[in-house]
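Architecture and fold: a report
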Amino acid sequence: MSTFQAPKGTYDLTPPDSAKYLAVRAALAEPLKNSGYGYIETPGFEDVALFARGVGESTDIVSKEMYAFETKGGDKLALRPEGTASVLRAALEANLHKAGNLPVKLWYSGSYYRYERPQKGRYRHFSQVGAEAIGTEDPALDAELIILADQAYRSLGLRQFRILLNSLGDKECRPVYREALQTFLRDLDLDEETRRRIEINPLRVLDDKRPDVQKQLTGAPMLRDFLCDACKAYHEEVRDLLTAAGVVYEDDEKLVRGLDYYTRTTFEFVHDGLGSQSAVGGGGRYDGLSEMIGGPALPSVGWALGVDRTVLALEAEGVELDIPASTSVYAVPLGEEARRVLFGLVTELRKAGVATDFAFGGRGLKGAMKSANRSGARYTIVAGERDLADGVVQLKDMGAGEQESVALDVLVDTLRARLA
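Every value quoted in this text rests on a predicted model; they were computed, and no experiment measured them.

1. What to know about helix α7 (residues 192-200)
Among all positions in α7, only Thr194, Arg197 and Ile198 are buried. The buried side chains of α7 occupy one side of the element, clustering within an arc of 110 degrees when seen end-on.

The structure is reproduced here in structure tokens:
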């Protein structure tokens, strides 16, 4: 009989590797928690129209990669391919922007789904930590988010990542540039699908990674030459604030990102140790997205950092995370009476905040000690009938290999003190 396997392009997280993913998620979120961002959670699926309108129908995400389906009740839904549109929808629905404290600062963590060609670093199910600052137009907010992401990566020990930065202009200057770019692109030898993209969102053509397309883009008009004075001043302030904070970045005038909703500041974190899938995270300002999905004007900025990609970046740099063992104490009973007494002790230790495990299954001493060793516990408690008759247990320091008798009535306090 054949066994089931995870669907193509997905993966399972199992111990001990899963501990690394949890540590990465926690590290990416930590700077946000310290900077006024509150946690938000949204459904794993949304109305298809939310992404079609918000992310953009011309994007690969909506046109090719979205898992869309119709429910038995006739609703057209999609598994979420990204987080921003969902978070903004939830914030609007809960009227968070009306509470009087703008920007509304939110962070989230979860799974996202795209029907892509699976390869290392690109999965059909992937995990992200994201942040959104909703309702305020301020270069300091853009800078804050970039600084917090930089801080998160550095706290993990990553050093070989680069920050790419660009400005996409706004509703005043972008249309002028869009027209100039369309005029240039219409004269190129491009396939039918790319030609269609010229009319819907020509900036996405600049993002085309195919060498034959990139070759033809030489001499294309550059957005920086079309930025209005307000966008230039805004972008300069973002750059100045990053420089003052000691954050190193590179100007990348071709950076447009894969979503239609970006305006002004756009940025990407890349790691050259990851090959073609070099982006580990990114984001930007999306001042018009709220109106696109039926809300009021709420200028906003945000980012999403890939947990999977960050783990790969750590591996590429050879960074080992210091992850403490999940078990501090392991209890090994010898005999039925010891099993009853030690199980009670294990419960007490856990209530006292000590991570404790137990030798289940009635194995012999040798097998149980092997399990204790594999658990990574610092101490093992061993007790048989004679120990219990004397009111003690044997406490073994697994690192030093030393063993001593400890009275049952002081064991919990002794272990708490030693593990503190």
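2. Let's talk about unusual backbone geometry
Note the cis peptide between Pro15 and Pro16, where omega equals 0 degrees. Along the polypeptide, Pro16 turns up in the segment before α1 (17-33). In this model, Asn95 sits at a positive phi of 55 degrees, which is unusual for a non-glycine residue. As for its position among the elements, Asn95 is in the loop between α4 (84-93) and β5 (104-113). Of note in this structure, Arg264 is not a glycine but carries a positive phi near 50 degrees. By the element assignment, Arg264 lies in strand β9 (residues 263-271). Judged by its relative accessible area of 6%, Arg264 falls in the buried class.

3. What about the sheet that holds strand β6 (residues 125-134)?
Across the sheet, which stays open at both edges, the eight strands sit in the order β1-β5-β6-β11-β10-β9-β7-β8 with mixed pairing between neighbours. Whereas interior strands pair on both sides, the edge strands pair on one side only; in this sheet they are β1 (38-39) and β8 (250-251). Two strands pair when backbone bridges link them, and strand β7 (residues 161-167) and β9 are joined in this way by seven bridges, in the antiparallel orientation. In the strand pairing of β9, Ser167 is matched with Thr265. Its contacts with the sheet place α1 against β5, β6 and β11 (300-306), and it is angled at close to 5 degrees to β6.

How each quantity is defined
- Residues numbered from 1 in each chain as written.
- Predicted model: local features only at pLDDT ≥ 70, side-chain atom pairs only at ≥ 80, totals over all residues.
- Heavy atoms only, no water.
- Buried < 20%, exposed > 50% of the residue type's maximum accessible area, 1.4 Å probe, protein only.
- Helix = DSSP H or I, 4+ residues; strand = E, 2+ residues; numbered from the N terminus.
- Arc of directions from axis to C-beta.
- Pairing = 2+ DSSP bridges.
- Contact = heavy atoms within 4.5 Å.
- Axes fitted to C-alpha atoms, helices over the stretch in contact; angles between N-to-C directions.

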